[in-house]
Amino acid sequence: MKSDTWLKELYDANYDTLYRLAVNRLRLYVGHVCDAQDIPQDVFLEAARQEIYKHPKPEAWLVVTTVNICKNYIRKNNRNERKKRKFAQEEMRKSKQGSLLFVAAENDKTAVSDIRITLEQLLSPDDFKLIVQYGFEGRTLEQIGNEMHMSPNALRVRLFRIRKKIEKYFL
């Protein structure tokens, strides 16, 4: 068939370009390029389905399709990362030490004191007090809320904002 040989010639002529495009896109948005070899393969499978030998500019079609498949891969990868993060947070909450922020540093008194000093300098006194009570002492939000005359939901929001501030500082 004419379309099979034509597609093979198109593949040989454009594979390297499409592969480099996929590598650059994935490196830029995802940070790793382990799936970059699969993307040109998917593009040419789609090209075979769409019969692009009828298209007026097949090379341009290949480039646009590569970009679109990369976007889909990035969206899918970001969704999976969010699911993994959410699952890890839920597991941390379910564990018996879920309220401790620094479980790994629990036994190392020097690391705990360094963390406390850094947080004390970074946070307001009220936020620092909340982190100490919740993260280091392991008190529940209900206990802290009763003492501070705040609802547990308000404390969750406050903790979320504190975490964002800490992440911003360390990242």
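What counts, and at which threshold
- Residues numbered from 1 in each chain as written.
- Predicted model: local features only at pLDDT ≥ 70, side-chain atom pairs only at ≥ 80, totals over all residues.
- Heavy atoms only, no water.
- Salt bridge = Lys/Arg side-chain N within 4 Å of Asp/Glu carboxyl O.
- Helix = DSSP H or I, 4+ residues; strand = E, 2+ residues; numbered from the N terminus.
- Buried < 20%, exposed > 50% of the residue type's maximum accessible area, 1.4 Å probe, protein only.
- Core = buried A, V, L, I, M, F, W, Y, C linked by side-chain atoms within 4.5 Å.
- Contact = heavy atoms within 4.5 Å.
- pLDDT = per-residue confidence, 0-100.

A. Fine view of the pattern of salt bridges. Applying the stated criterion across every chain, the model contains six salt bridges. For Arg-49, the salt bridge goes to Glu-46, with nearest N and O atoms at 2.9 Å. Placement of the pair is Arg-49 and Glu-46 together in helix 2 (residues 38-50), with a separation of three residues, close to one helical turn. Its relative accessible area of 25% is what places Glu-46 among the partly exposed residues. Put simply, Glu-147 and Arg-139 hold a salt bridge, and the shortest N to O gap is 3.2 Å. On the accessibility criterion, Arg-139 (21% relative accessible area) is partly exposed. Counted as one network, the salt bridges with shared partners bring together Lys-129, Arg-139 and Glu-147.

B. View of the nonpolar core. In this structure, Ile-39 and Leu-62 are the most contacted members of the largest nonpolar core, which totals 18 residues. If we ignore the near neighbours within four places in the chain, the residues touching Ile-39 are Ala-22, Leu-26, Thr-66, Ile-69 and Cys-70.

C. Molecular detail of the confidence of the model for the protein chain. For the protein chain, per-residue confidence averages 80 on the pLDDT scale, and residues scoring 70 or more make up 81% of the total. Mean pLDDT per element in the protein chain: helix 4 (residues 109-122) is the minimum at 75, and helix 6 (residues 141-148) is the maximum at 90.

D. Focus on the side chain of Gln-133. Mapped onto the elements, Gln-133 comes out in helix 5 (residues 125-136). Dropping the residues within four chain positions of it, Gln-133 is found in contact with Gly-138, Arg-139, Ile-144, Glu-147 and Met-148.

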